[in-house]
Amino acid sequence: MVFISGAGIGVLGGMIGLGGAEFRLPLLIGVFAFAALPAIIMNKAMSLIVVITAIPARLISVPLDELSPYLYVVVNLLAGSLIGAWIGAHWATKLASKTLYRVIAILLVLIAVLLFVTHFFAMEPLGVPVVPRIILGIIAGVIIGVVAALMGVAGGELLIPTIVLLYGADIKIAGSLSLLISLPTMLVAFARYSRDNSFQVLGQNKGFLIAMTAGSIAGTIVGGLLLGVIPDAILIPLLVLLLLLSSIKVWNHK
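The rules behind these values
Residues numbered from 1 in each chain as written. Predicted model: local features only at pLDDT ≥ 70, side-chain atom pairs only at ≥ 80, totals over all residues. Heavy atoms only, no water. Helix = DSSP H or I, 4+ residues; strand = E, 2+ residues; numbered from the N terminus. Rg over C-alpha atoms; globule rule 2.2 N^0.38 Å. Buried < 20%, exposed > 50% of the residue type's maximum accessible area, 1.4 Å probe, protein only. Contact = heavy atoms within 4.5 Å. Lys, Arg positive; Asp, Glu negative; His and termini not counted. Charge placed at Lys NZ, Arg CZ, Asp CG, Glu CD. pLDDT = per-residue confidence, 0-100. Axes fitted to C-alpha atoms, helices over the stretch in contact; angles between N-to-C directions. Parallel < 35°, antiparallel > 145°, perpendicular 65-115°, else oblique. Nonpolar A, V, L, I, M, F, W, Y, C, P; charged D, E, K, R; others polar. Core = buried A, V, L, I, M, F, W, Y, C linked by side-chain atoms within 4.5 Å.

S.K.: Please explain the overall build of the protein as it appears in this structure.
M.R.: When helices and strands are counted, the protein shows twelve helices and zero strands. Reading the protein from its N terminus to its C terminus gives the helix and strand order α-α-α-α-α-α-α-α-α-α-α-α. For the protein, the C-alpha radius of gyration of 17 Å lies close to 18 Å, the compact-globule estimate for 254 residues. Viewed in the frame of its principal axes, the protein has a C-alpha envelope of about 45 × 40 × 30 Å. Taken over 254 residues, the protein has a buried fraction of 50%. Counting contacts in the protein only where the partners sit at least 6 residues apart, residues at least 24 apart contribute 85% of the total. Computing the positive centroid from 13 side-chain charges and the negative centroid from 8, the protein places the two 18 Å apart.

See below:
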């Protein structure tokens, strides 16, 4: 059941070019009854493994020599996201469970809105001058790092539109750059979570973690192969509705 659930989430994420962690978090809370912070830590661990496995495959389709002209983007966003990841993870360990459920619910709505906007509205580069762009990149990085740490996600749903709008990169390049930013950002959040007692949830649920991670990776691959099979006009509204319903369930979770 855990493997199949992970695979289903992976398929959903893969069909829109994401890892699916934003769908997996409410599943961990609402179906498998993990408390807020342990669910975030479990989700972060799975997201980390999915990103590590995705980077080599991504480098095959988008070689490093194509990414090298954009490595300054990685440095710019990391300057903020590493700080944001530590802050977000610190907040998550200090917030009361009820408050954390509410924060997660709000962030799910944010992701739903962002998912709809980025798929149905054209993303044109903003053409920001270099110095303001660097400052905005650091600020955006902090925000993305906080959100990614609070949800246990890689942050691609935030990073990709940021890279396209702020730096004018192609969507395919942006997808690869997002992985290079996500990995160190997630490691920082993971390091902060490791200092909390709730981190023990990983050792207590090894079988669960392995099964759902394997399902997520398999599902992401299948979802990637199915990319474009279901028209965005049908798929995206359904996924947005799923996120909104999940946010309501998490908000009311006891």
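S.K.: Can you walk me through the environment of Asp232 in this structure?
M.R.: Structurally, Asp232 is set in helix H12 (residues 232-251). Look at Asp232 and you get partly exposed, because its relative accessible area is 35%. Sequence-wise, Asp232 and Ile138 are 94 residues apart; in three dimensions their C-alpha atoms are separated by 32 Å. Not counting residues up to four positions away in its chain, the partners in contact with Asp232 are His119, Phe120 and Pro237.

S.K.: Help me understand the confidence of the model for the protein in this model?
M.R.: Interpretation of this model should avoid reading the predicted coordinates in detail wherever pLDDT is low. Mean pLDDT for the protein: 90, with 99% of residues reaching 70 or above. Ranking the helices and strands of the protein by mean pLDDT puts helix H5 (residues 71-94) first, with 96, and helix H4 (residues 64-67) last, with 87.

S.K.: Sorry, what's going on with the packing of helix H3 (residues 36-61) against helix H6 (residues 97-120) here?
M.R.: Think of two packed helices as two axes; the pair is described by the angle between the axes and how far apart they sit. Where H3 contacts H6, the two axes come as close as 9 Å, and the packing angle between them is 50°. Overall, the two elements H3 and H6 adopt an arrangement that is oblique. Taking contact as the criterion, the partners of Ala36, Leu37 and Ile40 in H3 are, on H6, Ser97, Leu100, Tyr101 and Ile104. Here the residues of the contact of H3 with H6 are counted per class, giving six nonpolar, one polar and no charged.

S.K.: Can you walk me through the nonpolar core in this structure?
M.R.: Nonpolar side chains in soluble globular proteins tend to end up buried together. Residues Met42, Ile104, Tyr193 and Phe208 are the most contacted members of the largest nonpolar core, which totals 81 residues. When residues in this core are grouped by element, the largest group, eleven residues, is from H3.

S.K.: For this particular structure, what's the right way to read the side chain of Ser176?
M.R.: Within the fold, Ser176 resides in helix H9 (residues 171-193). Sequence-distant contacts of Ser176, defined by excluding residues within four places in its chain, comprise Arg58, Val62 and Leu67.

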